[in-house]
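Residues per chain are reported as follows:
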Amino acid sequence: MKAAVMRGIKDIRTETVPDPVLEPHGVIIKVKACGICGSDLHIYKRDEQGTIFGHEFSGEVVSVGDQVKGIAPGMRVTAVGFRPCGKCFWCSQGKGHRCSNMALLGYQFPGAMAEYVHIPFAALGRTVFPLPEELSYEEAASVEPLSISYFSVNRAQPKPDESVAVLGLGVIGLYAVQVLKSFGVTRILASGRRAARLRAATECGADVVIDAASQDPTAAVMDATANMGVNTVVECAGQQDTFDQAVAMARGGGKILLVGIYEQPLTWDPLPAISKNLSLIGCLGGNFPASIELLRSGKVSARPLITHRFTLDQAAEAFRAQLQDPGAIKVMFTMD
Ligand SMILES: [Zn+2]
Ligand SMILES: [Zn+2]
């Protein structure tokens, strides 16, 4: 089959690789759409050999292992891909979905930037999720990143009359804006840098959009909240300056959701967090069923975020666009 394979620093090639082999607890899916994730780009910049990315995807089940229940060929699905270690406490209890040492699809074993992908641990409703008819394959490939935004925002349980700032307007931040909207939050402030993403933030429902390249986000938020600051900050950028802004713009008793992945350790003065009684909440997780329902009901739309579409044969071009094109938000492979 055809797949996009890493062959060195920023070198990705469309090659012919062996077809995946079906395992007893696995399913093989014919891939219909697959997004490039920010996490893929971190590795794309390194000298990696042989990695096949792709964990934000959807497709049609073509074969099913004999130990798998309730999943049949022909089903339209999206899925979470991991391989349980088989050795840890949870695996020894038969609870592979809680494995503490799992290998991840698209990193430790081949992902969905290929014609077919093998999901080694297929459990209906737990790792493999059937798609409602209303969902296109492209939308279904957006469930994974949306699920991270949903999981994170849900940790804060925001109320409609609260104000919430979203820092960092990549895909996770832009979905966070839409999820906040779906919670009924009426005062959403969004801060980011690129023109295309600032426009998308407006389209996603942000009430105040702050260009962090030309404005001080903290001052802008204070201005827009009569110097009160916001109830909750969703920190999706993972930078020292956005972390500092989050602490500075959160009001007394406020919450800071730490969603963005920090590539560097932080230095920070905890005193403002102490004196304002702030809650810092780490967020790592997803919720596929809730995200599928948000897309199905139309409360969240993938449309403003998908900016580029490529075929598998254009893998090199697709990765260049995701990394370099200032207009790129989500670059998607479509296989039909
Ligand atoms: Zn991702
Ligand atoms: Zn395990």
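Coordinates for the structure precede this section.
These remarks concern the structure in this document. Model, not experiment: these values are computed from the prediction.

Digging into the sheet that holds strand β14 (residues 250-258)
(1) Moving on: One open sheet accounts for six strands, arranged β12-β11-β10-β13-β14-β15; its pairing is parallel. A strand with exactly one partner marks an edge of an open sheet, and here the two such strands are β12 (208-211) and β15 (279-282). Taking each pair of neighbouring strands and ignoring which way they run, the sheet shows an average axis angle of 15 degrees.
(2) Moving on: Alignment of β14 against β15, held across four bridges, turns out to be parallel. Across the sheet, Ile256 pairs through a bridge with Leu280, a residue of β15.
(3) Moving on: Across the face of the sheet, helix α4 (residues 143-156) comes into contact with β13 (230-235), β14 and β15 while running at roughly 155 degrees to β14.
(4) Moving on: Along the sheet face, helix α5 (residues 171-182) touches β10 (163-167), β11 (187-192) and β13 and points at about 165 degrees away from the line of β10.

Topic: the coordination of the zinc ion (ligand 2)
(1) Moving on: Taken together, the protein donors to the zinc ion (ligand 2) comprise Cys85 (SG), Cys88 (SG), Cys91 (SG) and Cys99 (SG), at separations of 2.3 to 2.4 Å.
(2) Moving on: For the zinc ion (ligand 2), the four donor atoms are set out with angles of 104 to 116 degrees between them, so the coordination reads as tetrahedral.
(3) Moving on: All donors of the zinc ion (ligand 2) belong to a single chain; written as a sequence motif, their spacing is C-x2-C-x2-C-x7-C. Of this pair, Cys85 sits in the loop between β6 (82-83) and α2 (89-92) while Cys99 sits in the loop between α2 and β7 (103-104); the two residues are 14 residues apart in sequence, bridging distant segments of the chain.

Quick word on helix α6 (residues 195-204)
(1) Moving on: Turning to α6, its buried residues number three or more, namely Ala196, Arg197, Leu198, Ala200, Ala201 and Cys204.
(2) Moving on: If you follow the buried residues of α6, they end up packed against α5, β11 and β12.
(3) Moving on: Among the residues trailing α6, Gly205 stands out with phi positive, at a value near 115 degrees.

A word on the coordination of the zinc ion (ligand 1)
(1) Moving on: Within the protein, Cys37 (SG), His55 (NE2) and Glu56 (OE) serve as the donor atoms for the zinc ion (ligand 1), at 2.1 to 2.5 Å.
(2) Moving on: Within one chain, the residues donating to the zinc ion (ligand 1) are spaced in sequence as C-x17-H-E. Of this pair, Cys37 sits in the loop between β3 (27-35) and α1 (38-44) while His55 is found in the loop between α1 and β4 (56-64), placing the two residues 18 residues apart along the sequence. Pair check on accessibility: Cys37 and His55 agree, each one buried.

Here we look at the pairing of strand β17 (residues 330-334)
(1) Moving on: Most of β17 is tucked away: four of the five residues are buried.
(2) Moving on: Of the pairings in the sheet, the one linking β3 to β17 comprises three bridges and is antiparallel in character. Note that in β17 the partner of Ala33 across the bridge is Thr334.
(3) Moving on: Across four bridges, strand β16 (residues 306-310) lies against β17 in parallel orientation. Looking at the pairing, His308 lines up with Val331 of β17.
(4) Moving on: Handedness of the crossover joining β16 and β17 through helix α11 (residues 315-324): right-handed.

Concerning unusual backbone geometry
(1) Moving on: Look at Gln157: it is not a glycine, yet its phi comes out positive at around 45 degrees.
(2) Moving on: Here Gln157 lies in the loop between α4 and β10.
(3) Moving on: Look at Gln157 and you get partly exposed, because its relative accessible area is 42%.

A look at the environment of Arg199
(1) Moving on: One can find Arg199 in helix α6.
(2) Moving on: Its relative accessible area of 56% is what places Arg199 among the exposed residues.
(3) Moving on: For the pair Arg199 and Val209, spaced ten residues apart in the sequence, the C-alpha separation amounts to 8.5 Å.

Some thoughts on the pattern of salt bridges
(1) Moving on: Throughout the structure, instances matching the rule amount to nine salt bridges.
(2) Moving on: Look at the salt bridges and you will find they share partners, linking Glu134, Glu293 and Arg296 into a network.

With respect to the packing of α5 against α6
(1) Moving on: Direction vectors running N to C along α5 and α6 enclose 15 degrees, while the axes themselves pass 9 Å from each other. When the axes of α5 and α6 are compared, the pair comes out roughly parallel. Two packed elements cross with a definite hand, and for α5 against α6 that hand is right-handed. Between α5, through Leu174, Val177, Gln178 and Lys181, and α6, the contact on the second element is made entirely by Arg197, Ala200, Ala201 and Cys204.
(2) Moving on: Split into classes, the residues belonging to the contact of α5 with α6 amount to five nonpolar, one polar and two charged.

So, how was this worked out
Residues numbered from 1 in each chain as written. Chains lettered and ligands numbered in written order. Predicted model: local features only at pLDDT ≥ 70, side-chain atom pairs only at ≥ 80, totals over all residues. Heavy atoms only, no water. Pairing = 2+ DSSP bridges. Helix = DSSP H or I, 4+ residues; strand = E, 2+ residues; numbered from the N terminus. Axes fitted to C-alpha atoms, helices over the stretch in contact; angles between N-to-C directions. Contact = heavy atoms within 4.5 Å. Donors = N, O, S within 2.8 Å, 3.2 Å for Na, K, Ca; no water. Tetrahedral: all angles 85-135°; square planar, octahedral: opposite > 155°, others 65-115°. Buried < 20%, exposed > 50% of the residue type's maximum accessible area, 1.4 Å probe, protein only. Right-handed = clockwise from strand over helix to strand, strands pointing away. Salt bridge = Lys/Arg side-chain N within 4 Å of Asp/Glu carboxyl O. Parallel < 35°, antiparallel > 145°, perpendicular 65-115°, else oblique. Left-handed = near helix turned anticlockwise from the far one by under 90°. Nonpolar A, V, L, I, M, F, W, Y, C, P; charged D, E, K, R; others polar.

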